[in-house]
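Residue-level structural notes
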Amino acid sequence: MIYTCEPRARRFLKVRERRAAPTRNHAAEEVGGSPMELRRRLARWGVAPLLVVFSAIVFGGCGPGTSTGERTPSILNPSGPVALKESYLFWFILVVATIVFVGVTGVLLYSIWRFRERPGMPAPRQISGNTALEIGWTILPAVILFIVLIGTIYTMVQITEPAQAQSLTVRAIGHQWWWEFRYPGYNNDNPGSNQIAVVVTGDELHVPVGMVVHVDLESNNVIHSFWIPELAGKTDVIPGHNNTLWFQADRAGTYRGECAEYCGTQHANMDFIVVAQSPDDFATWLQAQEAVAATPTSDIQKAGQHDFLTLGCAACHSISGTIAAAQVGPNLSHFGSRSLIAGGVLSNNPENLATWLNDPQAVKPGNDMVLPEKLNSTQIDELVQYLESLK
Ligand code: HEC
Ligand SMILES: [Cu+2]
């Protein structure tokens, strides 16, 4: 059996010889800069500019704003105490991870360079196992992870809800696929209204600047996740288990929120906005929302209301002051004051509302708004006039 080794050894030696003295017989190709050579060079150096372009595209998405002027809902742009402390944790973990990355990659690159193959070098000494090293690289990562754990626990303690005399409590209900917000305690005391006794909105959460907002999260369907990147991290919204979170907006403005847990086909169109207003503006808004829905004034609005109550809309929607009191879809009592349609799939304006009413399944396939029959253009016009008048 000895001879079987011999050809292998010889083959090995030949390979080493060839590597040690690289033949230059493709020099002819190089002169002409053949495509082959170009490809080889590109493979060697072309990666660098490609990486630069790629990272520019990727990290370009992280800045405080986009080219369209819209603020990116980024956790790196915190606008309240909860998001701020969470972003500190992000930076802390990033620093730890960077140290690990630079350390490991440094040792790796050094070893590749230091122990690279050189002509005539003997095979390195073969070792197996090193107790000190193995204990070391078991304990060190554990210590590093423990440091991260301490940072995490510290942050969790830091962001426990402060006991405040004045805070606002809101119920956020995750539907498939839109968010409903209820402001309990603000009673609609108009005797002429129906049983809706709280302020109810869809897609739009108004809060006063500088006030602690306590959110009770509910779902009666699947698991969603409530996330306002600039104001508070994600919290799961679980059927049968009511989580809570709190946040506070330090600056007036509009913040984008979204569902952060896949919850069905239209999960990506389950956005909402948080409108942080001065306490005065908030009070004005709340007062308007508490009021009974506007009664139609013009003929076309009256026709729209009639359509609404006769074409099946009332089977799913509520409009205070009318017989429409169903809770399947968003409460439309003050729909005209809102800026989004159906989880932000469209922004709210008359043209978009007409598009939505013409074929909600085309705009947001699979959503729960299934019309008994297609509306004609007159009905759509009337409904648009009526719904947009509900400020
Ligand atoms: C079968 C129940 C159902 C019927 C019938 C129905 N809707 Fe809807 N509607 C919904 C649901 C559910 C949504 C939210 C869809 C989503 O965002 O995924 C919705 C959304 C809307 C919205 C957007 C509201 C917002 O705040 O985002 C408007 C406006 C609307 N419906 C109007 C109407 C009108 C007008 C009719 C009657 C012609 C009607 N709906 C009939 C269930 C229904
Ligand atoms: Cu969701």
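Here we summarise the structure given alongside this text.

Scoring rules and cut-offs
- Each chain has its residues counted from 1, running along the sequence as written.
- Both sets of labels track the order of writing: A upward for chains, 1 upward for ligands.
- Where totals are concerned, whole chains, interfaces and linings use all residues; where local detail is concerned, this predicted model gives features only for residues with pLDDT of at least 70, and gives and counts side-chain atom pairs only at 80 or more.
- We count a residue as near a molecule or strand when its backbone-placed C-beta atom lies within 6 Å of that partner.
- Residues are grouped as follows: nonpolar covers Ala, Val, Leu, Ile, Met, Phe, Trp, Tyr, Cys and Pro; charged covers Asp, Glu, Lys and Arg; every other residue, Gly included, is treated as polar.
- As used throughout, domain bounds are those supplied by an automatic or database domain assignment.
- Only strands joined by at least two bridges in the DSSP assignment are considered to pair.
- Each helix is a run of H or I in the DSSP string that is no shorter than four residues. Each strand is a run of E no shorter than two, and both are numbered from the N terminus.
- All axes here are fitted lines through C-alpha atoms, helices being fitted over the stretch that makes contact, and every angle between N-to-C directions spans 0 to 180 degrees.
- Angle categories are assigned with fixed cut-offs, so that under 35 degrees is roughly parallel, over 145 is roughly antiparallel, 65 to 115 is roughly perpendicular, and the rest are oblique.
- Working definition of a contact: two residues with C-beta atoms, positioned from the backbone, lying within 7 Å.

Quick word on the site of ligand 1
- Near ligand 1 lie 31 residues; those nearest to it are Cys313, Cys316, Gly329, Ala342 and Met369.
- Here the shell around ligand 1 is built from residues that sort into 20 nonpolar, seven polar and four charged.
- Here the shell around ligand 1 spans two domains, since at least three of its residues come from each of domain 1 (167–290) and domain 2 (299–388).

Examining the sheet that holds strand β5 (residues 212–219)
- Taken in spatial order, the five strands line up as β3-β2-β1-β5-β8 in an open sheet, and their pairing is mixed. The outermost strands of the open sheet, each flanked by one partner alone, are β3 (199–202) and β8 (244–247). Going from strand to strand, the sheet's axes swing by 25 degrees on average, the running direction of each strand aside.
- Pairing geometry for strand β1 (residues 167–175) and β5, over eight bridges, is parallel. Bridging across to β5, glycine 174 finds its partner in serine 219.

Thoughts on the packing of helix α4 (residues 81–114) against helix α5 (residues 131–158)
- Two elements in contact, α4 and α5, have axes whose closest approach is 10 Å; the angle formed by their N-to-C orientations is 175 degrees. Judged by the angle between their axes, α4 and α5 are roughly antiparallel. Note on element contacts: α5 touches α4 through Ile144, Ile147, Val148, Gly151, Thr152, Thr155 and Gln158, opposite Lys85, Glu86, Leu89, Phe92, Ile93, Val96 and Val100.

Some details on the environment of methionine 156
- Along the polypeptide, methionine 156 turns up in helix α5.
- A C-alpha to C-alpha distance of 9.7 Å links methionine 156 and valine 82, two positions 74 residues apart in sequence.

Here's the deal with unusual backbone geometry
- Residue glutamine 176 is joined to tryptophan 177 through a cis peptide bond whose omega torsion reads 5 degrees.
- Among the structural elements, tryptophan 177 can be located in the loop between β1 and β2 (178–183).
- Here the phi dihedral of aspartate 203 falls at roughly 65 degrees; this positive angle occurs in a residue that is not glycine.
- Its identity is not glycine, yet alanine 342 carries a phi of approximately 50 degrees, on the positive side.
- For alanine 342, the location among the structural elements is in the loop between β11 (340–341) and β12 (346–347).

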